[in-house]
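Per-entry structural report
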Amino acid sequence: MTHPRVRARTGAVAAAAVAALVLPLVGGTAGAAPPVGATVAAAPSPTPSGDAVRDLTPDVEQQLDRAVQQVMKQANIPGVSVGVWTPDKGEYVKSFGVADKDTGRKMAPDLFMRIGSETKTFTVTAVLELVDDGRIGLDDTIGKYVDGVPNGDRITLRQLAGMRSGLFNYSMDEGFFKALTSDPYRPFPPRELLDYSFKHPVLFQPGAEFNYSNTNLILLGLVVEKISGQTLADYVQENILDPAGLDDTSFPTGNEFPQPHAQGYTNQTATGKVENATDWNPSWGWAAGAMLSKLEDLRVWARTVATGQLPDGGRMISPATQKQRLITPSMPVSGTGYGLGIFNVQGWIGHNGSLPGYQSLTVYLPSAQATLVVVLNTDVNYKDEEPSTLFGEAITKIISPDHVFNLPTPPAPK
């Protein structure tokens with residue numbers, strides 16, 4: 001979405017998110033979700049096959065070069081880094097374009113990047129760890145932990161993580177947009193973000209439909225803090241980043257941004273003109289979108305999210321809880337579903353992200369044990385399509401033609 005709302009996006013499922021909403025907040029391609037209590041099948045996963053991904057031969061690499069450069073030219077992308085890794089088909093890691101339009105500094109694979117809504121995979125992982133510890137239950141209501149939530153006595157943690165709460169997305173609120181764009185360097189406490197949401201009526205009853213809402217993740221972040229007794233950033237660091245060895249991933253509490261990083265460019269501004277958003281404060285995304293990382297860390301994280309396994313062979317999430325995470329109720333977009341902070345698009349499991357100035361895509365194809373990561377330094381859409389999705393589709397058409405990442409993006413809100 002562009003004017004007049006802001007993305008903490010999130011977006012990979014936004015396409016499937018919200019056509020069936022009672023209120024015409026966002027357009028999309030999805031229909032209503034199954035009735036409350038209905039049995040929901042997971043989105044179909046491909047049969048394991050050694051041919052799910054093509055060999056990354058010099059010819060295929062040249063095809064990838066051309067495809068990436070074509071998307072860059074078409075969508076006017078300043079810079080992008082792409083990583084494709086497989087256990088037996090080879091790997092492809094390249095950067096194109098510039099990290100800084102003013103100086104001409106080249107994009108590089110080792111730059112820090114903001115990852116927007118990929119943060120959701122970390123926040124939901126924290127929740128699932130607490131479930132494994134027996135400290136909370138997925139079917140607990142949010143009202144047990146946070147006061148003042150509309151329908152809080154009925155909305156479950158599972159529904160929050162699966163985007164089925166019916167709560168209004170605070171980043172769609174006009175007042176929030178004005179507050180952010182008038183001073184994008186200011187901090188936004190979580191409770192202030194909830195206030196922007198809770199002044200709106202609920203969109204539907206809990207579990208009745210699907211609607212992508214950053215509000216859900218703010219609430220889950222507060223649950224993690226209440227139960228753990230730690231800040232969300234500290235909990236994620238100690239219980240997720242450290243065990244996974246993600247030394248170049250962090251959860252900033254302000255606009256801190258390690259060097260070296262790319263400059264980020266956005267049109268999510270008061271004027272609609274493209275501006276440099278590199279040092280904007282991402283606290284308004286918090287548990288939904290504030291984190292930053294590097295290409296190589298995201299490579300590791302892709303497999304961890306999709307399998308629940310740590311790089312050393314241990315478990316981050318128990319098999320039983322991971323199984324719950326991967327139940328991805330199917331959307332009307334064929335082959336697409338969303339589970340607990342995770343999506344499945346034609347067999348590719350993971351998430352994407354968008355924050356002013358940056359987009360990313362981190363997905364894993366279990367049938368080939370293949371990983372795809374894309375990071376870029378703009379969130380400006382091309383003909384209502386998110387650039388990260390354009391890259392994902394162009395790349396997977398080449399490397400996995402039977403598993404094309406083909407998720408459409410909804411029209412901008414009216």
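Residues numbered from 1 in each chain as written. Predicted model: local features only at pLDDT ≥ 70, side-chain atom pairs only at ≥ 80, totals over all residues. Heavy atoms only, no water.

Thoughts on the pairing of strand 9 (residues 348-355)
For the record, the criterion: For every residue, the accessible area (1.4 Å probe, protein chains only) is compared with the maximum for its type, and the residue is labelled buried under 20%, exposed over 50%, or partly exposed between those bounds. The helix and strand labels rest on DSSP assignments: H or I over at least four residues marks a helix, E over at least two residues marks a strand, and numbering proceeds from the N terminus. Note: two strands are recorded as paired if DSSP finds a minimum of 2 bridges between them.
Of all eight residues in strand 9, eight are buried, a share of seventy percent or more. Residues of strand 9 alternate between two faces, with Trp 348, Gly 350, Asn 352 and Ser 354 on one and Ile 349, His 351, Gly 353 and Leu 355 on the opposite face, all of them buried. In this structure, the hairpin formed by strand 8 (residues 343-345) and strand 9 is closed by a connection of two residues, where Gln 346 is found at a positive phi of approximately 55 degrees. Hairpin geometry of strand 9 and strand 10 (residues 358-365) is characterised by an intervening segment of two residues between the two adjacent antiparallel strands and by a positive phi of about 100 degrees at Gly 357.

Description of the layout of surface pockets
What counts, and what does not: Only protein atoms enter the 1 Å grid, on which a cavity is a set of points fitting a 1.4 Å probe that cannot get out and a pocket is an open set with protein on both sides within 12 Å along at least 5 of 7 lines, lining residues being those with an atom within 4 Å of a point. Grid points are joined across faces, edges and corners, and a volume is the space filled by probe spheres set on the points. Classification convention: Asp, Glu, Lys, Arg as charged; Ala, Val, Leu, Ile, Met, Phe, Trp, Tyr, Cys, Pro as nonpolar; all other residues, Gly among them, as polar.
Taken as a whole, the second largest pocket encloses approximately 240 Å³ of empty space. If you trace the second largest pocket, you find 13 residues lining it, with Arg 299, Arg 303, Tyr 364, Gln 369 and Thr 371 closest to the centre. Per-element tally for the lining of the second largest pocket: the top contributor is helix 10 (residues 295-307), with four residues. Looking at the lining of the second largest pocket residue by residue, the classes come out as six nonpolar, five polar and two charged.

Re the side chain of Gln 359
What counts, and what does not: Under this definition, polar contacts are N or O atom pairs within 3.5 Å; protein pairs additionally need one hydrogen-donor-capable and one acceptor-capable atom, and for neighbouring residues in sequence, both atoms have to be side-chain atoms.
Mapped onto the fold, Gln 359 is located in strand 10. By relative accessible area, which is 1% here, Gln 359 ends up buried. A polar side-chain atom of Gln 359 sits 3.1 Å from a polar atom in the side chain of Ser 354.

A short note on the environment of Pro 190
If you trace the backbone, Pro 190 turns up in helix 6 (residues 190-198). On the accessibility criterion, Pro 190 (22% relative accessible area) is partly exposed. Taking the C-alpha atoms as reference, Pro 190 lies 8.8 Å from Gly 221; in sequence the two are 31 residues apart.

Digging into the nonpolar core
To keep things clear, this is the line we draw: Buried Ala, Val, Leu, Ile, Met, Phe, Trp, Tyr and Cys residues that are joined via side-chain atoms within 4.5 Å together make up what is termed a nonpolar core.
Among the nonpolar cores identified, the biggest contains 115 residues, and Phe 391 and Ile 395 are the most heavily contacted of them. A per-element tally of this core places helix 7 (residues 214-228) first, with eight residues.

Looking at the pattern of salt bridges
As a reminder of what qualifies: Just to be clear on terms, a salt bridge is a Lys or Arg side-chain nitrogen sitting within 4 Å of an Asp or Glu carboxyl oxygen.
Here the structure, examined in full by the defined rule, presents nine salt bridges. Residues Arg 299 and Glu 296 are paired through a salt bridge, measuring 3.3 Å at the closest nitrogen-oxygen approach. Linking Arg 299 with Glu 296, this pair stays in helix 10, spanning three residues, or about one helical turn.

Quick notes on the packing of helix 3 (residues 119-132) against helix 8 (residues 232-244)
The condition that has to hold: Axis lines are fitted to C-alpha atoms, over the contacting stretch for helices. Their N-to-C directions set the angle, which ranges from 0 to 180 degrees. Between 65 and 115 degrees an angle is taken as roughly perpendicular, under 35 as roughly parallel, over 145 as roughly antiparallel, and anywhere else as oblique. Between two residues, a contact is recorded if the distance between any of their heavy atoms is within 4.5 Å.
With their axes 10 Å apart at the nearest point, helix 3 and helix 8 run at an angle of 75 degrees to one another. Viewed along their axes, helix 3 and helix 8 adopt a mutual orientation that is roughly perpendicular. For the pair formed by helix 3 and helix 8, the contact residues are Phe 122, Thr 123, Thr 125, Ala 126, Glu 129 and Leu 130 on the first element and Leu 232, Tyr 235, Val 236, Asn 239, Ile 240 and Leu 241 on the second. Considered class by class, the residues forming the contact of helix 3 with helix 8 number eight nonpolar, three polar and one charged.

Some points on the sheet that holds strand 2 (residues 91-97)
As summarised here, the arrangement of the seven strands in space is 2-1-11-10-9-8-7, forming an open sheet in which the pairing is antiparallel. Each edge of the sheet is formed by a strand with only one pairing partner; in this case those strands are strand 2 and strand 7 (336-338). Geometrically, the sheet is characterised by an average inter-axis angle of 15 degrees between neighbouring strands, direction not taken into account. Inspection of the sheet shows strand 8 paired to strand 9 by three bridges, in the antiparallel sense. By the bridge assignment, Asn 344 is partnered in strand 9 with Ile 349. Taken strand by strand, helix 2 (residues 58-75) contacts strand 1 (79-85) and strand 2, and its axis lies near 30 degrees from that of strand 2.

So, the packing of aromatic side chains
For clarity, the threshold we go by: Two rings from Phe, Tyr or Trp (for Trp, the six-membered ring) form a pair when their centres are within 6.5 Å of each other. A pair whose planes differ by under 30 degrees is stacked, one over 60 is edge-to-face, and the rest are tilted. Whether a charge lies above a ring is judged from NZ of Lys or CZ of Arg, which has to be within 6 Å of the ring centre and within 35 degrees of the ring normal.
Taken as a whole and assessed by the stated rule, the structure comprises nine aromatic pairs. Relative to Tyr 196, the ring of Phe 176 has its centre 5.6 Å away and its plane inclined at 70 degrees; by these criteria the two rings are edge-to-face. With Phe 176 in helix 5 (residues 174-182) and Tyr 196 in helix 6, this pair connects stretches of sequence that are 20 residues apart. Tyr 196 matches Phe 176 in its accessibility class, with the two residues each being buried. For the ring pair Phe 176 and Trp 284, a centre distance of 5.4 Å and an interplane angle of 50 degrees mean the geometry is tilted. Placement of the pair is Phe 176 in helix 5 and Trp 284 in the loop between strand 5 (275-276) and helix 9 (286-289), with a sequence separation of 108 residues. Trp 284 matches Phe 176 in its accessibility class, with the two residues each being buried. Feature note: the residues Tyr 170, Phe 176, Phe 188, Tyr 196 and Trp 284 constitute an aromatic cluster, connected by ring pairs. It is Arg 114 that lies over the ring of Phe 257; its NZ or CZ is 4.1 Å from the centre. For Arg 186, the ring lying beneath its charged end belongs to Phe 188, and the centroid distance is 3.9 Å.

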